[in-house]
Amino acid sequence: RRLGVAIRNALRAQGPTAVSNYIGRDGLDVRDDLGGLNLSEVPKVFTEIGNMRSSFDAPAITSPAGREREAQAIAAGIARFLAARAM
């Protein structure tokens, strides 16, 4: 959960991004039906970038610059998560 929150917060901080409003809560949804997530013993997050129900997300997923910002935000969230664990 902490990794998911760190990535979600970094995505929000990088600029406009829609947050899921049709599943989960505040952009997060805990799943217990995905083997790749559940059978591992290390933190992991499955991200979905670009809400298909939101035209607001179109620039972020259709332009190289938008995709780069999203990727950088994910990397920043992972870095923050790892830094907090090191303390």
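A brief look at the structure comes next. (Residues numbered from 1 in each chain as written. Predicted model: local features only at pLDDT ≥ 70, side-chain atom pairs only at ≥ 80, totals over all residues. Heavy atoms only, no water.)

### Things to note about the side chain of Glu70
Structurally, the position occupied by Glu70 is in helix H4 (residues 64–86). An unpaired buried charge is present at Glu70: no salt bridge exists, and Arg69, the closest side chain of opposite charge, is 6.4 Å distant. Separated by 3.5 Å, the side chains of Glu70 and Gln14 make a polar contact. (Helix = DSSP H or I, 4+ residues; strand = E, 2+ residues; numbered from the N terminus. Buried < 20%, exposed > 50% of the residue type's maximum accessible area, 1.4 Å probe, protein only. Lys, Arg positive; Asp, Glu negative; His and termini not counted. Salt bridge = Lys/Arg side-chain N within 4 Å of Asp/Glu carboxyl O. Polar contact = N/O pair within 3.5 Å; in protein donor to acceptor, adjacent residues only side chain to side chain.)

### Describing helix H1 (residues 2–13)
Its 12 residues place the ends of H1 16 Å apart at the C-alpha level, agreeing with the 16 Å of an ideal helix rising 1.5 Å per residue. By the burial criterion, the buried members of H1 are Leu3, Gly4, Ala6, Ile7, Arg8, Ala10 and Leu11. In this structure, the buried residues of H1 make contact with H4. (Expected span 1.5 Å × (residues − 1). Contact = heavy atoms within 4.5 Å.)

### Quick word on the nonpolar core
The biggest cluster of nonpolar side chains holds 6 residues, and these are Leu3, Ala6, Ile7, Leu11, Ala73 and Phe81. Broken down by secondary-structure element, the contributors of at least two residues to this core are H1 and H4. The leading source of residues in this core is H1, at 4 residues. For Ala73, the residues in contact, after removing those within four places along its chain, are Ala10, Leu11 and Gln14. (Core = buried A, V, L, I, M, F, W, Y, C linked by side-chain atoms within 4.5 Å.)

Treat this as a map of the structure, not an account of what it does.
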